[in-house]
Amino acid sequence: MVLSFTSTYSQWSHFNMSFKLHGLSSSTFTRSVALVAKERNIPYEFVPVDFKLSEQKTPTHLEHHPFGQVPYIQQDDGFELYESRAIGRYLATQGSGPELIPTDPIAYAKFEQAASVEYTQFHPYAAGIALEKVFKPLRGLETNEERVKELVSVLNHKLNGYEIILSKQKYLAGNGLTLADLYHLPYGTIVFETFDFKYLESRPNLRRWWNDISSRESWKAVKDSI
Ligand SMILES: N[C@@H](CCC(=O)N[C@@H](CS)C(=O)NCC(=O)O)C(=O)O
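Residues numbered from 1 in each chain as written. Predicted model: local features only at pLDDT ≥ 70, side-chain atom pairs only at ≥ 80, totals over all residues. Heavy atoms only, no water.

If you check an unreviewed UniProt entry, the chain appears there as glutathione transferase from Multifurca ochricompacta. In the Sequence similarities (unreviewed entry) part of its UniProt record, the chain is described as follows: "Belongs to the GST superfamily. Phi family." The chain has a UniProt comment under Catalytic activity (unreviewed entry) that states "RX + glutathione = an S-substituted glutathione + a halide anion + H(+)". (UniProt positions renumbered as here; feature names shortened; annotations may be inferred.)

Structure follows, in structure tokens:
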């Protein structure tokens, strides 16, 4: 009886989980949050923040996000969270769907290792390229091509590490998909697909991994709009 109550209750609470996603539809970090919500089948309401009006810097916005950025989430019960990776980790524990954060201690340690790889070995270079090639032009600023060359070259070396990892296992943390793989999607799309830096050509395992994660329904749903 108790077990059945617990299970009914947990289904009920998952069913009721929903949130408001305050963000910008073209924002890479907003997309990562939307992506995890889709993976875990959690409904959300998208609330656009108007960057043309610098809404993200208004005192009202700063009450929710002290750094004047997007995204942040808001639940009906008053719970709020900013920082896309933290939001992703929270959402991975809600809803239903693939287990994106392993619970076994060894698998969890491997997940942390993979998450750190994304954050330190991939993100700074991919985000730098995106800034120069996508976001600066959008703001009418000039791309620093020298800087792009440096970043493209460093990322090229880093991706050799990815090829080694992915020649031994299906995903970055092992043979199961985790949040660490998914977090690559928004910036990966820019460096692997929007621009042709030929990163995938000579790396069959990186290409296999990229084709796998980038063809997920969750990503297709948020890739071009939230
Ligand atoms: N570390 C933050 C970064 C958020 C971030 O940089 N958001 C960008 C949009 S993709 C933003 O709000 N930029 C506006 C600004 O900094 O004024 C996260 O992961 O959520």
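### Some remarks on the pairing of strand 2 (residues 44–48)
On a regular strand, each side chain points to the face opposite its neighbour's, so the side chains alternate between the two faces of the sheet. Pairing geometry for strand 1 (residues 19–23) and strand 2, over five bridges, is parallel. When the bridges of strand 2 are listed, histidine 22 appears paired with valine 47. Each parallel crossover has a hand, and for strand 1 linked through helix 2 (residues 28–39) to strand 2 it is right-handed. (Pairing = 2+ DSSP bridges. Helix = DSSP H or I, 4+ residues; strand = E, 2+ residues; numbered from the N terminus. Right-handed = clockwise from strand over helix to strand, strands pointing away.)

### Quick word on the UniProt feature "domain: GST N-terminal" (unreviewed entry) in the chain
Per the UniProt entry, the sites bearing "domain: GST N-terminal" (unreviewed entry) are residues 17–99 in this numbering. Counted over residues 17–99, helix gives 33% and strand 19%. Its end C-alpha atoms are 17 Å apart.

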